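# Structural description and commentary
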Amino acid sequence: EEEFKWLLQEEVHAVLKQLQDILKEASQRFALPASGSGGAVKQENFVLSPSGTDQVKGVLTLQGDALCQADVNLKMPRNNQLLHFAFREDKQWKLQQIQDARNHVNQAIYLLMNRDVNYQFKTGLEVLKLMDAVMLQLSRARNRLTTPATLTLPEIASSGLTKMFTPALPPDILVNFYINLNKLCLTVYQLHVLQPSTTKNFKPAGGSILHNPGAMFEFGNQRYEVSHVHKVECVVPWLNDALVFFTVSLQLCQQLKDKISVFSSYWNYRPY
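My aim in this report is to walk through the structure given alongside it, one point at a time. Computed from a predicted structure; not experimentally measured. (Residues numbered from 1 in each chain as written. Predicted model: local features only at pLDDT ≥ 70, side-chain atom pairs only at ≥ 80, totals over all residues. Heavy atoms only, no water.)

## Notes on the packing of aromatic side chains
Each aromatic ring pair is described using two quantities: the centre-to-centre distance and the angle formed by the ring planes. Within this structure, the stated rule accounts for six aromatic pairs. A ring pair is formed by Tyr119 and Phe121, whose centres lie 5.0 Å apart and whose planes are at 75°; its orientation type is edge-to-face. A relative accessible area of 4% means that Phe121 is categorised as buried. An angle of 20° between the planes, with centres 5.3 Å apart, marks the rings of Phe217 and Tyr224 as stacked. Take Phe217 and Tyr224: they sit in the same class, and that class is buried. Here the aromatic residues Phe85, Phe87, Phe165 and Phe177 are joined through ring pairs into a cluster of three or more. Its end group placed over the ring of Tyr119, Arg115 keeps NZ or CZ at 4.7 Å from the ring centre. Geometry around Phe202 places Arg223 over its ring, the cationic atom sitting 4.0 Å from the centre. (Phe/Tyr/Trp six-rings, centres within 6.5 Å; stacked < 30°, edge-to-face > 60°. Buried < 20%, exposed > 50% of the residue type's maximum accessible area, 1.4 Å probe, protein only. Lys NZ or Arg CZ within 6 Å of the ring centre and 35° of its normal.)

And the structure:
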């Protein structure tokens, strides 16, 4: 029983401190200016590396959770015409996945800071509940980076992203940006218009992270089919760091839960 008390009073706080330190590191990776410092978040340029295609090349500029510039060259397969488009000067695209992940990390830190060193845990159940709450936030943070949103083609077509470029995107081009693990991805869809005579086999595609050639959809009283898909991406090193911190933190939480559970069942401190 003395050992269990020591665990609740000493070791739990040591683990909570360790978790706070790791998660503060993770939070800083999201390029946040320190609270109250008012410092600007630095801009980082990333060159898009084509995966098996040289049809799309470009440079993306990331500033925290905002894509503040995208400079893209697209070679059209049917006539080898080269298109160039970039964000308008007054526009930037918020990457909601990064913003959400950061918010979940900060929520986890808040939960941990609420139990400072002077706080005395009375039962194992209390620690288990705290660990579950922290793990929920960390899992959500990780899932936001590992699981991009599934979108339908009309959703991509009507997204504000299509209106951010100069020159304006031609009507037969769609683009989508998203985070997948530690990569910032750009997908370019080339479309062709379906003639009314060919619409007897028309079957609109549902939501997907990545649509394949042959996917059909209707937008603005016009039916389209995806003819070509180009996916390019760049690795963002600090996203990789954040994912490692999430994994280490989740393991620490689980280890503490396992210890508490062993003691709880052994000393009949039942966690319910």
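## Regarding the side chain of Thr162
The topology assignment puts Thr162 in the loop between helix H4 (153-158) and strand E7 (165-166). On the accessibility criterion, Thr162 (16% relative accessible area) is buried. A distance of 2.8 Å separates a polar atom in the side chain of Thr162 from the backbone oxygen of Ser159. Those residues in contact with Thr162 that lie beyond four places of it in its chain are Ile156, Ala157, Leu169 and Leu174. (Helix = DSSP H or I, 4+ residues; strand = E, 2+ residues; numbered from the N terminus. Polar contact = N/O pair within 3.5 Å; in protein donor to acceptor, adjacent residues only side chain to side chain. Contact = heavy atoms within 4.5 Å.)

## Some thoughts on helix H1 (residues 2-29)
Helix length check: H1 (28 residues) gives 40 Å between terminal C-alpha atoms against 40 Å at 1.5 Å per residue, within 8%. The sharpest bend along H1 measures roughly 35° and falls at Leu8. (Expected span 1.5 Å × (residues − 1). Bend = angle between axes of the 7 residues up to and from the residue.)

## With respect to the pattern of salt bridges
As a working rule, side chains carrying opposite charge can pair if their charged atoms are close by. Taken as a whole and judged by the stated rule, the model has eleven salt bridges. The partner of Asp65 in a salt bridge is Arg102, and the shortest N-O contact between them spans 3.4 Å. Residue Asp65 is located in the loop between strand E3 (56-63) and strand E4 (66-75), and its partner Arg102 is located in helix H2 (residues 96-113); the two are separated by 37 residues in the primary sequence. One exposure class covers both Asp65 and Arg102, and it is buried. The salt bridge partner of Arg88 is Asp90, with a shortest N-O separation of 3.0 Å. Accessibility expressed as a relative area gives 31% for Arg88, which makes it partly exposed. Look at Asp90 and you get exposed, because its relative accessible area is 56%. (Salt bridge = Lys/Arg side-chain N within 4 Å of Asp/Glu carboxyl O.)

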